[in-house]
Structures are given as C-alpha cells and as structure tokens.
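Letter by letter, the chains look like this.
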Amino acid sequence: MTECLEDNCPSSWQQCQPSFWEELIFTFYPHCMQISTEEKEVETFLSQLKYFVKWLDKRVGTSWYPIVEEYSFIARSELKACEHLLNGLFLNDFPRIYQSDWDPEQDIEKINHKFEQCTDRLNSIFKVTSIIEDTVLLSEFETNHTYYIKSLPYKLIEIGMIMSGIIGKKSADLTWNWFQTDGIYPQRGKTYIKIKR
C-alpha cells in the first residue's frame, strides 16, 4: 500500500476514486506479488486490504468498504490463478528454488547462456490469446503481433492473462522461449498497465 501511494496518492481518502482501488487490486498488487510454497499471498493481501479499508471508513468517515469488497470478490479467483502461474514460472526456471542447497547463480547462469544464443529478443507486455497443445500464443500490447511460446507451464495459463517479461529465439526457430517474468496480471488489470520503453 505504501509503495502504491508513493506513485498514486489521492489528495485525501474522501477524494479517492473507485479506479484507485481497482488499479491497486488488479494491477499494482499483481506486480508486487511474491512467490511462496503455500501460495497464500493473494488471500493475505485481500483480507488485509479489507481490514484496512474497514478501519479507514470508521476513522476518516469514508465508505470505500463495499467497493473494495466487491473488487476483492471479483479479483480473488483471477489473482489466485496469477499467483499459481507466477509460482509455476519460477519453479519452471528454478526447479530447486525451495531446496536448502539451491544455488541461484547456477540456474541464472544456465538461463543467461540460453538467452545469449538468441538473435531475436523482446521485453514487453503480452496478453494470452490462445493455447494450442503445449504452445501459448501471446499478443504483444503495442503491436498486437502474435508470438508462439513453447517454454511455458501452459497448463497453469488461462486465456486473457497479461504477462510481462522477456522472450527470445534463435533466428532459425519458429517458436520463442520465455526467459524472464516481470509480472502476471488478470485481464482486468490491462486498463492500468503502462508500457515503459
């Protein structure tokens, strides 16, 4: 919440708009989501947010709780799916991440070695448009160009999800590989996502 307010602070809680809460829940929070073995980050965030807003309404005299409760209800299953995919992507790239003897540098070195062999690279934001067998079709936000990605845990992916990250391929390859995850967002978060170049 503090990080969000640094960039997008309303002049007062009374002057706040529903769009502030929508952006917080559907775009800002997914960008800050942490990986965990239990995958309870979404549950914790939404319950803490509702406690805070209930306290805020009593303290300041606002009436944001019904709106935040509605957004939380709508977002819960989508955010859980994003959390599940985020964890799956990290496990895909770092299979020993939760082992006590995990060596992150070794895994990062392997990924970097593969990435260095790529002649084509793109760091952007994509929307999942289709899944064909084990291939995920991503549409890039700015150009709407379609990219065929092979290296994703496709069973965890839902059509409409927004994925921010880096893809790459060798010039002779037909499909791209997913190399880095910057964020996973529900479809409703698209309104507030800005591409930084």
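Residues numbered from 1 in each chain as written. Predicted model: local features only at pLDDT ≥ 70, side-chain atom pairs only at ≥ 80, totals over all residues. Heavy atoms only, no water.

## A word on the overall build of the protein chain
The helix and strand tally for the protein chain stands at five helices and five strands. Listed N to C, the secondary structure of the protein chain is α-α-α-α-α-β-β-β-β-β in terms of helices and strands. Across its three principal axes, the protein chain shows a C-alpha extent of roughly 60 × 45 × 30 Å. Counting across all 197 residues of the protein chain, residues that qualify as buried make up 42%. Accessible surface, the protein chain: about 11500 Å² in total, of which carbon and sulfur atoms supply 49%. When the 21 basic and 29 acidic side-chain charges of the protein chain are each reduced to a single mean position, those positions are 3 Å apart. (Helix = DSSP H or I, 4+ residues; strand = E, 2+ residues; numbered from the N terminus. Buried < 20%, exposed > 50% of the residue type's maximum accessible area, 1.4 Å probe, protein only. Areas by Shrake-Rupley, 256 points an atom, 1.4 Å probe, with all protein chains shown as cover. Lys, Arg positive; Asp, Glu negative; His and termini not counted. Charge placed at Lys NZ, Arg CZ, Asp CG, Glu CD.)

## Quick word on the sheet that holds strand β2 (residues 135–140)
Reading across from one edge, β3-β2-β1-β4-β5 is the order of the five strands in this open sheet, with antiparallel pairing throughout. Pairing within the sheet leaves two strands with one partner each, and these edge strands are β3 (146–149) and β5 (177–185). Neighbouring strand axes in the sheet, compared pairwise and without regard to direction, differ in orientation by 40 degrees on average. Pairing between β2 and β3: four bridges, direction antiparallel. Its bridge partner being in β3, V136 is matched across the sheet by I149. Relative to β5, helix α4 (residues 65–93) is tilted by about 155 degrees, and along the sheet it contacts β4 (162–169) and β5. (Pairing = 2+ DSSP bridges. Axes fitted to C-alpha atoms, helices over the stretch in contact; angles between N-to-C directions. Contact = heavy atoms within 4.5 Å.)

## Description of the packing of helix α3 (residues 41–60) against α4
Orientation of α3 relative to α4, taken along the N-to-C sense of each, is 170 degrees, at an axis distance of 9 Å. As judged from the angle between their axes, α3 and α4 are roughly antiparallel. Only Y65, V68, E69, S72, R76, L79, K80 and E83 of α4 make contact with α3, whose side of the interface consists of E41, V42, E43, L46, L49, K50, V53, K54 and D57. Considering only residue class, the contact of α3 with α4 consists of seven nonpolar, one polar and nine charged. (Parallel < 35°, antiparallel > 145°, perpendicular 65-115°, else oblique. Nonpolar A, V, L, I, M, F, W, Y, C, P; charged D, E, K, R; others polar.)

Function cannot be read off these values alone, since they describe shape.
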